[in-house]
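Structural characterization, general
This is what each chain is made of:
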Amino acid sequence: MGARAASTRLAHGGSVAVTPPDDMPAAADPTVGCDRELIHIPGSIQPHGHLLAFAGDCLAHASAGAGAVLPGGIAAAFGQPIAQILADAPDGAVREGLQRLPETGPLQLGRFRAASGAAFQAIGHRSPDGHAVLELEAESDEDGAAAQSTLEALYPGVRDAFARLGHAASLEAMAATAAAAVRRIAGFDRVLIYRFEENWDGTVVAENGNGRLPSYLDLRFPASDIPAQARRLYEVNPQRLIADAAYAPVPILSARPGPPLDLTYAGLRSVSPVHLEYMRNMGTPASMSVSVLRGDGRLWGLVSCHHAAPRRISFAARNACDLLAQMFAVRVAAHEEMAHTEARARLKGLEGRLLARMAAAPGRLEDGLLAVPSDLLELAGATGAAVLTEGGCALVGRTPPEAEVRRIAAWLVERGADEVFETASLVALLPAANAFTDTASGLLAVSVSKLHPSYVLWFRPEVVRTVTWGGDPRKPAAPAPDRLHPRRSFAAWAETVRQRAVPWSIAEVRAAQDLRTAVVGVVLLAAEERAELTSRLERINKELAAFSYSVSHDLRAPFRHIAGFAELLRESEGDTLSERGRRYVATIAEAAETAGRLVDALLNFSQMGRASLVPIEFDPAVLVAEVRRALEPEQAGRRIEWRIGPMPTVQADPAMLRQVFQNLLSNAVKYTRGRDPAMVEVGGEAAGGEVVLRVRDNGVGFDMAYAHKLFGVFQRLHRAEEFEGIGIGLANAQRIVERHGGRIWAEGKPGRGATFHFTLPRREAPAGETD
């Protein structure tokens, strides 16, 4: 919550505390958390000045003590125009200034002297609810405040700080320079530079003090110390001064009932009584905070000032500190941008090398990315990486086991992760990651496919570190029946942080994102090229199928004529032919018959690719029995042991599947010649989403080195003199199986038989149905 304090132990065992940069709500409702209090409408101001607010041209609100500067008192002034209320002002600068206020932020309008002779600094602003607000801050000669009431008097100090910031080479040196410059101008006992972390925790990165208050350099404060609405207020109003924590709030009076006045831009705005008690507990009666804003207006941090006694400084001095804070912000932005640019340039070179290797190895994604593993690791500053694609998982460096990497990828898919995902504490999001924090506490992942769950993942190990907090962040504020109270113990508290890796830098995340974009482009280009090639091959295959069908169909008649006329010649003129002539005629007839069988086989193979499938559900054992009966002539005189095992039902075209069994079983019978007994085994089982069928024999077998030739057209692994055939049966079987959406393969050893397996997609059984 916003009312926490920080402390450090002194050598003598005591403790002192410092207010972390903060802005507490004025409301004290114990039912409302600090992060929800309306700190911009406190309904009161601090007492070192007066406030007048005009709606249109008439006075609508005034602080309770403003009667000292209003002719005739507050009640008489309500509803009066600006010109009448400020009629006694020595010049028209304040009146004119109120007519030309900017839309946001305060504007110094000069000095205002009341009828009593009291002098004030006049500051005007336009409130978010449309009021013209005039703040009159009392001048004081304390600590030379009056002498520092103009920017001209402060300019030499600002110029010197600008020069020193320009020579500072590191963030630490720049922060120390800014802290010293602000303390010289503002005169506070201690000035801290407070930087927000990504989760809005804050760390003191620089400090300048005179020893009256303890050091808080390197202390860390939880995000709850500065609630979200306080951070938003710091973004729109970069200055906040509490001149005396013991002040009594001055209420704001209104001419008529209505919503409270919005004091977002008011320098006199009152703060929460919780925060005031907090300051008193610490013994720091005065504080000032100035925002350090990034170029886009977001908070980078704060310049936080504290004093051991009440202290007021002029609006001009506060503006000078504000200017110094923005100079510091510009230097920080330039420093961070330069470091980022240098890192991006270095990582771009690595990315270029990775893409060049991918282009040179178009086969698989991981081949190009992992050709030089150190480049992939260095791209993200990782100690391990994984490339997970549809084809497999490749690991390099220190990574979780492959099973865990796949589990991480599945988790990314399940949670719908963005194209780029990064975390420095994976276990905080995926508790199962506790098992491998030594290799993957940090994860950076990019999705590299829009079709399949493919990722490139980088890993970082756990880095154990000690964080010193300004007080135990786990302890709640002190309870009270009337309102919230701040804690009273400010002892420094050390915490050991585990299960976190070094965070990924912006440059590393963008490098991963750029690599993803390039990889997706390469993958899509390859997919487009494959699609175009597939289309061309399909067209060519159709043309070849049509050509082979036409040729084989047209050649059948000539070969039949040759065989027929050769037979007629042998019958009618055989007696008159010489022995040589009869041998020639027999050779012609035999060659024509062989050519006819080849043409018939080619025609049948062509028809397999053109015929329509008519799948039905049936028991394949029926087809096996039919084929066995058809093969009985070839089994004459042989002892063959048939082993027909159980087979699940299949969904297929029975006519085509019969040809598959015909080819496989006839081959088994043919290639077991010489075995006594010969053995032919047929069986199958359901496995996952498919049915696997097999035909095994104890025949001559084959060398697996030539297995790739088995299913080619007209390919043979044995001599025709040993085993007859034309070498197209297995090609036919493969085409039929693939047309059903299955696959076929073979295993064998020379002299020890062969086994042919083929699969068919399994029909999805309706609910409640089982095989």
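Residues numbered from 1 in each chain as written. Predicted model: local features only at pLDDT ≥ 70, side-chain atom pairs only at ≥ 80, totals over all residues. Heavy atoms only, no water.

Topic: helix α17 (residues 654-671)
Spanning 18 residues, α17 covers 25 Å between terminal C-alpha atoms, matching the ideal 26 Å at 1.5 Å per step. Here α17 starts with a cap whose side-chain oxygen sits 3.1 Å from the backbone nitrogen of A655, and that cap is D653. (Helix = DSSP H or I, 4+ residues; strand = E, 2+ residues; numbered from the N terminus. Expected span 1.5 Å × (residues − 1). Polar contact = N/O pair within 3.5 Å; in protein donor to acceptor, adjacent residues only side chain to side chain.)

Details of the packing of α17 against helix α18 (residues 729-739)
Running from N to C, α17 and α18 point in directions that differ by 145 degrees, and their axes come no closer than 9 Å. The crossing of α17 and α18 is left-handed. On α18, the residues touching M656, L657, Q659, V660, N663, L664 and N667 of α17 are G729, L730, N732, A733, I736, V737 and R739. For the contact of α17 with α18, a count of residues per class yields eight nonpolar, five polar and one charged. (Axes fitted to C-alpha atoms, helices over the stretch in contact; angles between N-to-C directions. Left-handed = near helix turned anticlockwise from the far one by under 90°. Contact = heavy atoms within 4.5 Å. Nonpolar A, V, L, I, M, F, W, Y, C, P; charged D, E, K, R; others polar.)

Considering the side chain of S44
For S44, the location among the structural elements is in strand β3 (residues 44-45). For S44, the residues in contact, after removing those within four places along its chain, are P249, V250, P251, I252, L263, R269 and S270.

Brief notes about the pairing of strand β5 (residues 58-63)
Most of β5 is tucked away: five of the six residues are buried. In terms of strand pairing, strand β4 (residues 49-55) meets β5 through four bridges, oriented antiparallel. The residue bridging A53 from the neighbouring strand is H61, located in β5. The hairpin formed by β4 and β5 contains two residues between the paired strands, and G56 there has a positive phi angle of roughly 70 degrees. (Buried < 20%, exposed > 50% of the residue type's maximum accessible area, 1.4 Å probe, protein only. Pairing = 2+ DSSP bridges.)

Points about helix α10 (residues 373-380)
Listed as buried for α10 are D375, L376, L377, L379 and A380. A positive backbone phi angle near 60 degrees is found at G381, which sits one or two residues after α10.

Brief notes about unusual backbone geometry
Residues apart from glycine generally show negative phi values, whereas peptide bonds are mostly found in trans. Residue P677 follows D676 across a cis peptide bond; omega there is 0 degrees. The residue P677 is located in the loop between α17 and β26 (678-687) in this model. Unlike most non-glycine residues, D218 shows phi in positive territory, near 75 degrees. Summarising the element assignment, D218 is placed in the loop between β10 (202-209) and β11 (220-221).

Description of the packing of aromatic side chains
Counted under the stated rule, the structure contains six aromatic pairs. Here the aromatic rings of Y194 and F221 are separated by 5.8 Å at their centres, their planes lie at 35 degrees, and the arrangement is tilted. Within this pair, whereas Y194 is found in strand β9 (residues 190-196), its partner F221 is found in strand β11, the two being separated by 27 residues in sequence. Owing to a relative accessible area of 1%, Y194 belongs among the buried residues under this scheme. Between F661 and F758, the aromatic rings sit 5.7 Å apart at their centres with planes inclined by 70 degrees, giving edge-to-face as the arrangement. On the criterion of sequence distance, the pair formed by F661 in helix α17 and F758 in strand β29 (residues 754-761) is long-range, its members being 97 residues apart. The residues F661 and F758 share a single accessibility class, namely buried. (Phe/Tyr/Trp six-rings, centres within 6.5 Å; stacked < 30°, edge-to-face > 60°.)

Focus on the pattern of salt bridges
Going through the model one piece at a time under the given rule, you end up with 25 salt bridges. Its salt-bridge partner being D676, residue R639 comes within 3.2 Å of it at the nearest N-O pair. With R639 in the loop between α16 (620-630) and β24 (640-644) and D676 in the loop between α17 and β26, the pair connects residues that are 37 residues apart, well separated along the chain. The residues R639 and D676 share a single accessibility class, namely exposed. (Salt bridge = Lys/Arg side-chain N within 4 Å of Asp/Glu carboxyl O.)

Things to note about the side chain of R694
Along the polypeptide, R694 turns up in strand β27 (residues 690-697). With relative accessibility at 18%, the residue R694 sits in the buried group. In terms of polar contacts, R694 uses its side chain to reach the side chain of E685, at 3.0 Å. Not counting chain neighbours up to four residues away, the residues in contact with R694 comprise E681, V682, G683, G684, E685, T755, F756 and H757.

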